[in-house]
Amino acid sequence: MTNNTLSDSEDLFGDYDSLLEDSSLLAKLEQADALASADPPPPHDDCQEPKKRKVQSEARRSVSERMKTALRCNAAAATGLSRTVAMKEAVLSSRVGDAAEAVEARADDLGPFFGLPSKVRELLFTLRGIRSLYAWQETCLRLDCLSRRRNLIYTLPTSGGKTLVAELLMIRELLCRNNNCVFVLPYVALVQEKVRALAALGLELDFLVEEYAGSRGRFPPVKRRGRRSLYVATIEKAHALVNALIEEDSLRCVGLLVVDELHMLGEGSRGALLEITLSKVLRLSPGTQIVGMSATLGNIGDLQTFLKAENYHDDFRPVRLKEYVKLGDGIYEVDSKEEDSFRLCRRVELKYSSAMQKADPDHIVALVTEVIPQHSCLVFCPTKKNCENVAVMICKYLRRDFLRHRKAEKEALLRQLEECGRGSVCPVLRRTVPLGVAYHHGGLTADERKLLEDAYSASVLCLITCTSTLAAGVNLPARRVIVRSPLVAQEALKTSQYKQMAGRAGRAGLDHEGESILILQEAQRHQAKALLCAPVENCYSRLLADDHKSLHALILSLVGLKAASHVEHLEDFARGTLLFVQREHADVCVEDAVRRGVRLLQLKGVLHVQNGDLQVTPLGRAAFKGCVDVSHSEALFQDLQKGLEGLVLNSLFHLLFLVTPYDLAAGCTPDWMTFYTQMASLSSAELKVCAAVGVPESLVARKAAGQSVGKSGDVSAAKRAFLSLVLLALLKDGDIWGVAQKFQLSRGFVQSLLSSSAAFCSCVLHFTQELDSLWAYCSLLEALTRRLSYCVKAELIPLMEVAGVSEARAKQLHAAGYPTLTHLANADPTVLVRTVAHLSRRQADQMVASSKMLLNEKAETLRQEADHLLEAPPDLPD
């Protein structure tokens, strides 16, 4: 019996030589060995230092080598395998496979908090007050598809806590897998807010948070040694970042790409750009995991097919939402079980005088005074002007005791708005803020909007009248949301837009329920049924919008990045787009559209085709490297070439004309009399510039007099010249208020022009760097980009680099003894709060953390450059 057992034992290890030749089995043995030799993590195991992990890894490899050596020795002394032993081998192989899977699952496991060290849980409580996760968040983080690195789309109602899951997934990728991450957000303000929020986590957990928005961001990004980066980017910057990483052959270093507001795929040219970015990642870096999230997605199946993703959905809301409509003086609860979907609940209680009824026929005052000032309220209005009018109207009928509520804080807010406006405050806000009311739309500057948002979050303001853009931007919940009309401007409100607005109702931790009230006229009853009860709109590809403009940009960039060299390659790539998934809906043959696009790009001189091979021309390379629209590339090149013949440098006007965005000028309608008046103040050199670019004074005079002009091209150039004058005035005195009044424009538009021009100036800089004939522009545009990005005195620029620091705040910090980034990074938040007016402790903490993160990033970059300089060249002769 003993001999038989020994024989079986010898047979069991006898024929391992052939098995060990199988590399996949070798890998499994190594993983099984690592699992067997690893100590179980303690209950509160924190993240180990990289050096310690390396030692453990080497120890495990040595054990694996000994095990394999023993197996080979056994194999050398083996005899033939019996059937019994073969069965034992099968069992052993199965166990090895199970162990390998267990190891793979533990590859993402550094601790007890969803694979993360307990320090992350402690930081969430310390920095954000989060004690525990919602049940759906725990379920989502434990999804099998995430541990197996499959792509995921998850959808929940607004305010459900989607972003926290994404942040934990990114932290897990950074710490456990040592990969970079990209976080794509739709707006610059959201990017800056997220950079501030993540900076403290990055400092504690030793990863960098890098901002890619507006004119910020390095291309290609700096390659870090030993530290990983979380790139927080707008859609446009994420596209440019992915292009740069492809060109550097380092896209594989991005382990996770997260997209917030995935429904943006179906919205205009930005949606097309997002589709292009995701298509490139899917095709050129299949190891990169993609996670998308949204509150409003209709045709989720199409997006799953496109992203090769699984779907997780939950209807969870931290606060219950009750939806109502108002018809006449009746408040009706939305109830799909009712015959007409509405059930009468009550009548408006406030008694109106005839004058008040005439001023407020929709009873908005009655609806808002039921909740304010003890609770908060948002009123969504169809137009910007309506926002201001409704705010003023509400204040006219509020009780005077509203003035006493948080009076000191409201006075401080007005002082901050005055500092922000260099001594000026909007007359509407000056009238409404003392009563706790404000308006919020794109006509305000970013600094004004931020001050009002912070005041509302702190309950200093109890009511904001706003446009629909607030629902898609920063998170400002309310006890009650009132939708003033089922219209946005003159267009019908979309179901997705309504869901976003209504989703703002209910503040987690403060309210037990939230209410949304849609105000209707009797004629809108049937329209409202469809709005409230219909599913959200489907999301469709925008690659073919605007005469296939985005598809042409995709073709050009793929050839320029050497990701495609034949038409067949482009066709194959196009089959991986959302457009191809939806080709039947689009009623298009995608391959035919690609071939037509190639021919058009060839005609435009940006693509060269020879013997079936595709190559970008110098102009084409400049266009895709500078992210310049193909439709504008030829015009830009001609403008730059013409400018070299007589570039005027005793004023910035000529350079500003060259970097004024074409699309922004197309949508601008100047006040021609104001334009003519401002032209009269130009120097003779600046007037020569106007004439040189096709905008003589006589043309503007004719337009100011209401006369027609000959060519539409002349008017287009005149619009760009008008906007260039606005930029020139801004750079001269930096006063957005004064410039807006001078040119009869809104403050928000002027600031938007400034930021758009800074971004386009950066694009033109990259454009000129690819064309030898335009070398003279490079250093000029580099300096101009910096000036446009900040538009402040040079001494304030280092402080303005910190995410969210406005000009007014930078002046305060400079005056308080913090003139540099280093000063601010080493500041004590307690002292900051004491010495800088109107600065909360939370703002001070975020500011210091952001400064430290930015300082670390700069220091890391310098170290990388120094190391690179000291390295021996790899091609050094022996």
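Because the structure is predicted, anything quoted here is derived from the model rather than measured.

This part is about the overall build of the protein chain. Helix and strand counts for the protein chain come out as 43 helices and 19 strands. Counting only residues that meet the buried cut, the protein chain has 51% of its 878 residues in that class. Of the contacts made within the protein chain by residues no fewer than 6 positions apart, 72% connect residues no fewer than 24 positions apart.

Here we come to the sheet that holds strand S8 (residues 320-327). Spatial strand order, S10-S9-S8-S17-S14-S11-S13-S12: eight strands in an open sheet with mixed pairing. Strands with a single pairing partner mark the edges of an open sheet, and in this sheet they are strand S10 (342-347) and strand S12 (437-440). Ignoring which end each strand starts from, the neighbouring axes of this sheet average 25 degrees apart. Note that strand S9 (residues 330-334) and S10 share five bridges and pair antiparallel. Pairing of Tyr332 across the sheet is with Leu344, part of S10. Sitting on the sheet, helix H19 (residues 446-457) touches strand S11 (377-380), S12 and strand S13 (463-466), and the angle it makes with S12 is about 135 degrees.

A few words now on the packing of helix H17 (residues 407-420) against H19. Geometrically, a packed helix pair is captured by the angle between its two axes and the distance between the axes. Where H17 meets H19, the closest approach of the two axes is 10 Å, and the angle between their N-to-C directions is 165 degrees. Considering their axes alone, H17 and H19 lie roughly antiparallel with respect to each other. Between H17 and H19 lies a crossing of right-handed hand. Where H17 abuts H19, its residues Leu413, Gln416, Leu417 and Cys420 lie against Asp447, Glu448, Leu451, Leu452 and Ala455. The residue inventory of the contact of H17 with H19, partitioned by class, reads six nonpolar, one polar and two charged.

The next thing to look at is unusual backbone geometry. The omega torsion across Phe219 and Pro220 is -10 degrees, close enough to zero to call that bond cis. By the element assignment, Pro220 lies in the loop between strand S3 (208-212) and strand S4 (229-234). Phi at Glu261 is positive, roughly 55 degrees, even though this residue is not glycine. Along the chain, the position of Glu261 falls in the loop between strand S5 (254-259) and helix H12 (268-284).

Okay, the sheet that holds strand S7 (residues 309-313) next. Ordered by their spatial adjacency, seven strands build an open sheet running S3-S4-S2-S5-S6-S1-S7, and the pairing between neighbours is parallel. Each having just a single partner strand, S3 and S7 make up the two edges of the open sheet. Between one strand axis and the next, the sheet turns through 15 degrees on average, direction left out of account. Where strand S2 (residues 180-185) lies against S4, five bridges are found, and the strand directions are parallel. Across the sheet, the residue bridging to Phe183 is Val232, located in S4. Sitting on the sheet, helix H10 (residues 188-205) is in contact with S2, S3 and S4, with an inclination near 160 degrees to S4.

With that out of the way, let us pick up the pattern of salt bridges. Opposite charge on two side chains permits them to pair, given that their charged atoms come into close proximity. Going through the model one piece at a time under the given rule, you end up with 45 salt bridges. Arg142 is the salt-bridge partner of Glu138, the closest N and O atoms lying 3.7 Å from each other. A relative accessible area of 58% means that Arg142 is categorised as exposed. With its nearest N and O atoms 3.1 Å apart, the salt bridge here joins Glu448 to Arg747. Separated by 299 residues along the polypeptide, Glu448 in helix H19 and Arg747 in helix H37 (residues 747-769) bring together distant segments of the chain. Since its relative accessible area comes to 2%, Glu448 is described here as buried. Connected through salt bridges with shared partners, the residues Asp206, Arg227, Glu860 and Arg863 form a single ionic network.

Burial runs high along S5: six of the six residues are buried. Note that S2 and S5 share five bridges and pair parallel. By the bridge assignment for S5, Cys181 is matched with Leu256.

All told, the structure shown has 10 aromatic pairs when counted by the stated rule. Where Trp136 meets Tyr312, the ring centres are 6.3 Å apart and the plane angle is 20 degrees; that geometry is what we call stacked. On the criterion of sequence distance, the pair formed by Trp136 in helix H7 (residues 135-141) and Tyr312 in strand S7 is long-range, its members being 176 residues apart. Assessed through its relative accessible area of 3%, Trp136 is described here as buried. Between Tyr662 and Phe760, the ring centres sit 6.1 Å apart and the planes meet at 90 degrees, which makes this aromatic pair edge-to-face. Placement of Tyr662 in helix H31 (residues 662-666) and of Phe760 in helix H37 is noted, with a sequence separation of 98 residues between them. The class of Phe760 is buried, set by a relative accessible area of 13%.

Cut-offs used in this document
Residues numbered from 1 in each chain as written. Predicted model: local features only at pLDDT ≥ 70, side-chain atom pairs only at ≥ 80, totals over all residues. Heavy atoms only, no water. Helix = DSSP H or I, 4+ residues; strand = E, 2+ residues; numbered from the N terminus. Buried < 20%, exposed > 50% of the residue type's maximum accessible area, 1.4 Å probe, protein only. Contact = heavy atoms within 4.5 Å. Pairing = 2+ DSSP bridges. Axes fitted to C-alpha atoms, helices over the stretch in contact; angles between N-to-C directions. Parallel < 35°, antiparallel > 145°, perpendicular 65-115°, else oblique. Left-handed = near helix turned anticlockwise from the far one by under 90°. Nonpolar A, V, L, I, M, F, W, Y, C, P; charged D, E, K, R; others polar. Salt bridge = Lys/Arg side-chain N within 4 Å of Asp/Glu carboxyl O. Phe/Tyr/Trp six-rings, centres within 6.5 Å; stacked < 30°, edge-to-face > 60°.

The values reported here are purely geometric and, on their own, carry no functional implication.
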